[in-house]
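Summary of the model geometry
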Amino acid sequence: EVLAGEEFDMIFDTMNQAPEMGTLLKKGGKIISISGTPTTEAIAKMIGAEPSMMVRMFMFMSRNRAAEKVAASAGGTWEYIFMHPNGSDLADIAAAIDKKDGIQAFIDTEASSLDDFQTAIDKLWSGRAKGKCVIKVCS
């Protein structure tokens, strides 16, 4: 509800909540999930071969139809990917964060110490945080 009315070209689903994200997707956009049940395509890409018939049947029965449906109704697509973090990719992400106009985190609420943690927790659980809620552990 915090993002109601917003639209995004890509949504990165890390908590298996793709079915709730369809209203945020622009037409032609993509929802990418890294949690929940993978697709047979994702498994084939990971192992470099087609999975067995038994695996394909199981994956077909348990696939995330809700995510596929919500993405399609928004005029977009849904896919699952396996994460394979490596030094080169992480270095690219770090470089993007370090750039002046690169990836930036928005800090919504900052508790100055652990004694003041409730400030950040209240904002987080209110559902109205538009960025990160941070608690400073040391100065």
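Scroll up to find the structure this text is about.
Remember, it's a predicted structure, so these values are computed and weren't measured experimentally.

Here is what the cut-offs are and how they apply
Residues numbered from 1 in each chain as written. Predicted model: local features only at pLDDT ≥ 70, side-chain atom pairs only at ≥ 80, totals over all residues. Heavy atoms only, no water. Helix = DSSP H or I, 4+ residues; strand = E, 2+ residues; numbered from the N terminus. Rg over C-alpha atoms; globule rule 2.2 N^0.38 Å. Buried < 20%, exposed > 50% of the residue type's maximum accessible area, 1.4 Å probe, protein only. Contact = heavy atoms within 4.5 Å. Salt bridge = Lys/Arg side-chain N within 4 Å of Asp/Glu carboxyl O. Pairing = 2+ DSSP bridges. Right-handed = clockwise from strand over helix to strand, strands pointing away. Phe/Tyr/Trp six-rings, centres within 6.5 Å; stacked < 30°, edge-to-face > 60°. Lys NZ or Arg CZ within 6 Å of the ring centre and 35° of its normal.

**Describing the overall build of the protein chain**
- Counting its regular elements, the protein chain contains 5 helices and 5 strands.
- When the helices and strands of the protein chain are read in sequence order from the N terminus, they spell out β-β-α-α-α-β-α-β-α-β.
- A compact globule built from 139 residues would reach a C-alpha radius of gyration of about 14 Å, whereas the protein chain, at 19 Å, exceeds it by more than 25%.
- By principal-axis analysis of the C-alpha atoms, the protein chain measures approximately 55 × 35 × 30 Å.
- Here the protein chain holds 139 residues, and the buried ones make up 22% of them.
- Summarising the internal contacts of the protein chain: among those between residues at least 6 apart in sequence, 46% fall at separations of at least 24.

**Observations concerning the pattern of salt bridges**
- Under the criterion given, the structure shown has 5 salt bridges.
- A salt bridge links Asp-9 to Lys-26, with the nearest nitrogen and oxygen atoms 3.8 Å apart. Within this pair, whereas Asp-9 is found in strand S1 (residues 8–13), its partner Lys-26 is found in strand S2 (residues 25–33), the two being separated by 17 residues in sequence.
- Residue Lys-26 is classed as partly exposed on the basis of its relative accessible area of 32%.
- A salt bridge links Glu-110 to Lys-136; the nearest nitrogen and oxygen atoms lie 3.2 Å apart. Here Glu-110, found in strand S4 (residues 107–111), pairs with Lys-136, found in the segment after strand S5 (132–135); they are 26 residues apart in sequence, far enough to count as distant.
- When its relative accessible area of 41% is taken as the criterion, Lys-136 is described as partly exposed.

**Observations regarding the pairing of S4**
- With 4 bridges connecting them, S4 and S5 associate as parallel partners. Bridge pairing links Glu-110 to Val-134 in S5.
- With helix H5 (residues 117–126) bridging S4 and the parallel S5, this β-α-β connection has right-handed handedness.

**Here's the deal with the packing of aromatic side chains**
- Across all of its chains, the model carries 1 aromatic pair by this definition.
- A centroid spacing of 5.2 Å and a plane angle of 75° characterise the contact between Tyr-80 and Phe-82, whose relative ring orientation is edge-to-face.
- When its relative accessible area of 9% is taken as the criterion, Tyr-80 is described as buried.
- Note that Arg-65 overlies the ring of Phe-60, its terminal NZ or CZ placed 5.1 Å from the centroid.

Any functional reading would require information that these geometric values do not contain.
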